[in-house]
Amino acid sequence: MKAIILRNYGGPEELRVEDVTVGAPGAGEVRLRQTVIGINFHDAYVRSGLYKTLALPGIPGVEAAGIVEAVGEGVAGFKQGDRVAYVTGAYGAYASHRLIAAAKLIRLPDTIDDRTAGAMMVKGLTVQMLLTKLRPLQRGETCLIHAAAGGVGQMLTQWAHHLGATVIGTVGNDAKAGLARANGCGHVIVYTRENFAARVTEITGGKGVHMVFDSVGADTFEGSLAVLASQGVLVNFGQSAGPIPPFAPARLAAKSNALWRPILFHYIEDAGERQRMADALFAAVAGGIVKVEIGAEFPLEGAGEAHRAMEARATTGSTILKV
Ligand SMILES: NC(=O)c1ccc[n+]([C@@H]2O[C@H](COP(=O)([O-])OP(=O)(O)OC[C@H]3O[C@@H](n4cnc5c(N)ncnc54)[C@H](OP(=O)(O)O)[C@@H]3O)[C@@H](O)[C@H]2O)c1
């Protein structure tokens, strides 16, 4: 049994594989043999020490798919051999095997293979949260999605397009622009060489957009605010380029705008709600509304390499570790 143990906050080189022993599951727990682990930008914040949410030494990672190997006392509803996935703020996903509370598990339908499940749970549930739990995006509206060729970005673009919204996407280079277009962006802006705020203003004839989905943070926040229509909503849900400096809420009054800062973990705490969101995601994938692009795959030992590629903006779609 192997796991990536983070002993010090720092660069990708701090993600080293070690031999571990995972014992029998306790009451209410199962032991999983994991097959596919999802890499998320969140993992980089944890590794670098920007978030101090993982106690060191610790095993990072918030999602995986796998097979139930053993069940502890009192576990109802899961048995040995069941295919499952999970998302957890308690970490521990970068491992070949693990113990986890059965209450956290999401049963996988036959329509979703392990690779897809491991690549999409965090990102797909995040898209559900962004599109249905805040201010639902409406048919005929226009939204701006930053990093549209990324993991969340691709799935969000596809789903927003399916809902009948016009999607303007930003991307870091021309290859990503092609992907963003293929996923349903009506307009694509290469924001590393174009002023995205000026382009969005031009595209919308000065009206601005109803919603901005901004996971880039430091580099885009001001432009995102500037392109909101009257009563438009800015959803900042990440900080891939760094945290946003302190902000005066009174600035939102200029156009009666709203700012959300949601975190997925809060929206999936309730087991029933988590299952409803997962079912909607499975249906969207089975129905072809969302296609999960796995842009890169690494072995467990390659977790550091995966982080390096992700932070260098060299990945598109989802990145996975295959155990
Ligand atoms: N709030 C939540 O609950 C929640 C849940 C899931 C994800 N998130 C956030 O959503 C975002 C996307 O997550 P993901 O895992 O799917 O990652 P990702 O979008 O695949 O990767 C991040 C992308 O951000 C863009 N970016 C812009 N400036 C960057 C910089 N200075 N350094 C690195 N990347 C930069 C890059 O795309 P371009 O080259 O095209 O610019 C890069 O590919 C992350 O910020 C993550 O924290 C939040």
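Coordinates for the structure precede this section.
Quick caveat, the model's predicted, so the values are computed rather than measured. (Residues numbered from 1 in each chain as written. Predicted model: local features only at pLDDT ≥ 70, side-chain atom pairs only at ≥ 80, totals over all residues. Heavy atoms only, no water.)

With that out of the way, let us pick up the overall build of the protein chain. Across its full length, the protein chain carries nine helices and 15 strands. Here the C-alpha atoms of the protein chain give a radius of gyration of 20 Å, agreeing with the 20 Å that 2.2 N^0.38 yields for 323 residues. Summarising its shape, the C-alpha atoms of the protein chain cover approximately 60 × 40 × 35 Å along the three principal directions. Every one of the 323 residues in the protein chain was classed for burial, and the buried ones make up 55%. Counting only contacts in the protein chain whose residues sit at least 6 apart along the sequence, the fraction spanning at least 24 positions is 69%. Carbon together with sulfur atoms contributes 53% to the accessible area of the protein chain, which is approximately 13,100 Å² in total. Averaging the coordinates of the 31 positive side-chain charges in the protein chain and doing the same for the 29 negative ones gives two points 4 Å apart. (Helix = DSSP H or I, 4+ residues; strand = E, 2+ residues; numbered from the N terminus. Rg over C-alpha atoms; globule rule 2.2 N^0.38 Å. Buried < 20%, exposed > 50% of the residue type's maximum accessible area, 1.4 Å probe, protein only. Contact = heavy atoms within 4.5 Å. Areas by Shrake-Rupley, 256 points an atom, 1.4 Å probe, with all protein chains shown as cover. Lys, Arg positive; Asp, Glu negative; His and termini not counted. Charge placed at Lys NZ, Arg CZ, Asp CG, Glu CD.)

As a further point, take the sheet that holds strand β13 (residues 258-260). Reading across from one edge, β10-β9-β8-β11-β12-β13 is the order of the six strands in this open sheet, with parallel pairing throughout. Two strands lie at the open edges of the sheet, namely β10 (187-190) and β13, each paired on one side alone. The average angle at which neighbouring strand axes cross in this sheet is 15°, direction not considered. Here strand β12 (residues 228-236) pairs with β13 via three bridges, running parallel. Bridge assignment links V235 to a residue of β13, and that residue is W260. Here helix α3 (residues 151-162) sits on the sheet in contact with β8 (142-145), β9 (166-171) and β11 (209-214), set at roughly 170° to β8. (Pairing = 2+ DSSP bridges. Axes fitted to C-alpha atoms, helices over the stretch in contact; angles between N-to-C directions.)

This part is about the environment of T35. Positionally, T35 belongs in strand β3 (residues 29-39). When the C-alpha positions of T35 and G288 are compared, they lie 24 Å apart, and in sequence the two are 253 residues distant. In contact with T35, not counting residues within four places along its chain, are A65, G66, I67, D114, L321, K322 and V323. A polar side-chain atom of T35 sits 2.7 Å from a polar atom in the side chain of D114. (Polar contact = N/O pair within 3.5 Å; in protein donor to acceptor, adjacent residues only side chain to side chain.)

Scanning all chains against the criterion turns up three aromatic pairs. With a centroid separation of 5.2 Å and 90° between ring planes, the pair formed by F221 and F247 is classed as edge-to-face. A residue pair is termed long-range when its members are at least 10 positions apart, and F221 in helix α6 (residues 221-226) and F247 in the loop between β12 and β13 qualify at 26 residues. Overall, the relative accessible area of 5% leaves F221 in the buried class. Put simply, the rings of F41, Y45 and Y51 touch in pairs and so form one group of aromatic residues. Above the face of the Y9 ring, K52 is positioned so that its terminal group lies 5.2 Å from the ring centre. (Phe/Tyr/Trp six-rings, centres within 6.5 Å; stacked < 30°, edge-to-face > 60°. Lys NZ or Arg CZ within 6 Å of the ring centre and 35° of its normal.)

Around the ligand sit 27 residues, and of these K176, Y191, F237, L264 and R313 come closest. For the ligand, an oxygen atom lies 2.9 Å from a polar atom in the side chain of Y45. The backbone of V152 places a nitrogen or oxygen atom 2.8 Å from an oxygen atom of the ligand. If the ligand stood free it would expose 910 Å²; the protein chains cover 91% of that surface. (Near = heavy atom within 4 Å.)

Right, let's get into helix α5 (residues 196-203). Residues spaced three or four apart along an α-helix point in a common direction, a consequence of the helix completing one turn every 3.6 residues. Listed as buried for α5 are F196, A197 and V200. In a view along the axis of α5, the buried residues occupy a sector of 100°, so they form one face of it. At its buried positions, α5 is contacted by β8, β9, β10, β11 and α6. Structurally, the start of α5 carries an N-cap: the backbone nitrogen of A197 is 3.0 Å from a side-chain oxygen of N195. Phi turns positive one or two residues past the end of α5, at G205, with a value near 60°. (Arc of directions from axis to C-beta.)

Here we come to the pattern of salt bridges. Oppositely charged side chains can form a pair if their charged atoms are brought close together. Under the counting rule described, the total for this entry stands at 17 salt bridges. Measuring nitrogen to oxygen at the nearest pair gives 3.8 Å for the salt bridge that ties R16 to E14. Relative accessible area serves as the criterion here: at 43%, R16 is assigned to the partly exposed category. What makes E14 buried here is its relative accessible area of 13%. Residues participating in the shared-partner salt-bridge network are K79, D82 and R107. (Salt bridge = Lys/Arg side-chain N within 4 Å of Asp/Glu carboxyl O.)

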